[in-house]
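# A structural walkthrough
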Amino acid sequence: MRLNGKIMLGGLGLHSGKECELIIEPCKASEILMNGQPLRSLMFSGTNRGSDYIFDEDTKIRTCEHVLSALTGLGIWSGVNVRVNGGEMPALDGCGKLLSDEILKHRSNDNYVEATEVSKPVIVNSDNRKRFVAAFPADRLHITYTVEYEFIGTQVFDYDHSPENYYENIASARTFAMLSDIEYLRAHGMALGGSLDNAIVVGKEIQASGGLRWENEFVRHKILDLIGDLAAVGRPLKAHVIALRAGHELHLKLAEKLREQILKGE
């Protein structure tokens, strides 16, 4: 898939609370570029409540996961340069729906990128081994994700990837935060642009504009995040990805190991 027109969207950064602008431009590159550099070559960090891409010690773009999820979830793996003014992706609607609608307006079907097979299992554990994410060989991308949260409980979702399935079942799943965490996050410069316009707040009662879109919207959003984080590999994957209570840091560690596997030709 390829874009045939420029997309420009603005709004507050989810964490910074500052005005930011997203520009996605068609280009001739055979991969996704960010600020003119191949996405697969950039350093990244998932330790700060989002996926940040690092260009040098003074330049990074924060919370890239939703934008990259919408692009790659709809099959855009090449021919785009993603630029950001303001240091952070705009939060938009807190999911991938708004951007997905813009992509569908400007998408053409003239550029197919072959998916790469995961040749052997790749597993990443948390330090206490209570959380993990793993990729196993498969003939297509399939994701099984499990989350466990207070007030939410345990949710499991099996997802077979296709652009159509992504748009119908994943793109509209919103980010969320625990009510008990919000004061801490804002005291540390995070969630300053969050509101019920772009997030769900979870406590004894769940606050969500318009109500939940699905009862299991939370685990669907984690799949949205995972798809965006795996964009760091730089190409679509044939893999069964299984995640248990994972997050951006583990997602990106898996992406890093998959990058290494591909470079070694394994």
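Preceding block: the structure.
What comes next concerns the included structure. Note that this is a predicted model, so its numbers are computed, not measured.

Looking only at helices and strands, the chain features 6 helices and 19 strands. In summary, the chain has a C-alpha radius of gyration of 17 Å against a globular reference of 18 Å for 266 residues, a match within 12%. Expressed as lengths along the three principal axes of its C-alpha atoms, the size of the chain is roughly 45 × 40 × 40 Å. Here the chain, with 266 residues, has 56% of them falling under the buried criterion. Residue pairs at least 24 apart in sequence account for 73% of intrachain contacts in the chain once pairs closer than 6 positions are excluded. Here the chain has roughly 12,100 Å² of accessible surface; of this, 48% comes from carbon and sulfur atoms. The centroid of the 30 positive side-chain charges in the chain is displaced by 2 Å from the centroid of its 36 negative side-chain charges.

The next subject is the pairing of strand 9 (residues 80-85). As paired strands, strand 3 (residues 19-26) and strand 9 are joined by 6 bridges and run antiparallel to one another. In the strand pairing of strand 9, I24 is matched with V82. Two elements, strand 4 (residues 32-34) and strand 9, share 3 bridges in a ladder whose sense is parallel. Paired with I32 across the strands is V80, a residue of strand 9.

Moving on, we get to the environment of K97. Among the structural elements, K97 can be located in helix 2 (residues 97-105). Judged by its relative accessible area of 26%, K97 is partly exposed. Spatially, the C-alpha atoms of K97 and R83 are 19 Å apart, while their sequence positions differ by 14 residues. Aside from chain neighbours lying at most four places away, what touches K97 is Y167, A171 and S172. Among the polar contacts listed, one links the side chain of K97 to the side chain of Y167, at a separation of 3.3 Å.

Let's shift gears to the packing of aromatic side chains. A complete count under the given rule lists 3 aromatic pairs for this structure. Where F44 meets Y53, the ring centres are 6.0 Å apart and the plane angle is 70 degrees; that geometry is what we call edge-to-face. Residue classification places F44 among the buried residues on the basis of a relative accessible area of 17%. With a relative accessible area of 1%, Y53 lands in the buried category. Relative to F218, the ring of F176 has its centre 5.1 Å away and its plane inclined at 90 degrees; by these criteria the two rings are edge-to-face.

Time to look at the nonpolar core. Nonpolar side chains in soluble globular proteins generally cluster together in the buried interior. Core analysis: the largest hydrophobic core is formed by 61 residues, its most contacted members being I24, M34, Y53 and V241. Ranked by residues supplied to this core, first place goes to helix 5 (residues 217-230) with 6 residues. What M34 contacts, discounting residues up to four positions off in sequence, is L39, L42, Y53, F55, I61, C64, L68, N81, V82 and M89. Grouped together as the second largest cluster of nonpolar side chains are 7 residues, F176, M178, I200 and F218 included.

Space inside the largest pocket adds up to approximately 870 Å³. At the level of secondary structure, the elements contributing two or more residues to the lining of the largest pocket comprise helix 1 (65-73), strand 14 (141-149), strand 16 (176-178), helix 4 (179-187), helix 5 and helix 6 (248-264). When residues of the lining of the largest pocket are assigned to their parent elements, the largest contribution, 4 residues, is made by helix 4. Among the residues making up the lining of the largest pocket, the classes are represented as 12 nonpolar, 11 polar and 10 charged. Taken as a whole, the second largest pocket holds about 510 Å³ of empty space.

Where helix 1 contacts helix 5, the two axes come as close as 7 Å, and the packing angle between them is 80 degrees. By the criterion of interaxial angle, the relationship of helix 1 to helix 5 is roughly perpendicular. Where helix 1 abuts helix 5, its residues E65, H66, L68, S69, T72 and G73 lie against H221, L224, D225, I227, G228 and D229.

Now for unusual backbone geometry. Its identity is not glycine, yet R129 carries a phi of approximately 60 degrees, on the positive side. Its location among the elements puts R129 in the loop between strand 12 (122-125) and strand 13 (132-137).

Moving on: the pattern of salt bridges. Under the defined criterion, the tally for this structure stands at 12 salt bridges. For R49, the salt bridge is made with D181, and the minimal N-O distance between the two is 3.7 Å. Note that R49 is positioned in the loop between strand 6 (43-45) and strand 7 (52-56) and D181 in helix 4, a separation of 132 residues in sequence. Taken together, the salt bridges that share partners define one network made up of K6, E25 and R83.

Parameters and conventions
Residues numbered from 1 in each chain as written. Predicted model: local features only at pLDDT ≥ 70, side-chain atom pairs only at ≥ 80, totals over all residues. Heavy atoms only, no water. Helix = DSSP H or I, 4+ residues; strand = E, 2+ residues; numbered from the N terminus. Rg over C-alpha atoms; globule rule 2.2 N^0.38 Å. Buried < 20%, exposed > 50% of the residue type's maximum accessible area, 1.4 Å probe, protein only. Contact = heavy atoms within 4.5 Å. Areas by Shrake-Rupley, 256 points an atom, 1.4 Å probe, with all protein chains shown as cover. Lys, Arg positive; Asp, Glu negative; His and termini not counted. Charge placed at Lys NZ, Arg CZ, Asp CG, Glu CD. Pairing = 2+ DSSP bridges. Polar contact = N/O pair within 3.5 Å; in protein donor to acceptor, adjacent residues only side chain to side chain. Phe/Tyr/Trp six-rings, centres within 6.5 Å; stacked < 30°, edge-to-face > 60°. Core = buried A, V, L, I, M, F, W, Y, C linked by side-chain atoms within 4.5 Å. 1 Å grid on protein atoms, 1.4 Å probe; cavity = no way out; pocket = protein on both sides within 12 Å on 5 of 7 lines; lining within 4 Å. Points joined across faces, edges and corners; volume = space filled by probe spheres on them. Nonpolar A, V, L, I, M, F, W, Y, C, P; charged D, E, K, R; others polar. Axes fitted to C-alpha atoms, helices over the stretch in contact; angles between N-to-C directions. Parallel < 35°, antiparallel > 145°, perpendicular 65-115°, else oblique. Salt bridge = Lys/Arg side-chain N within 4 Å of Asp/Glu carboxyl O.

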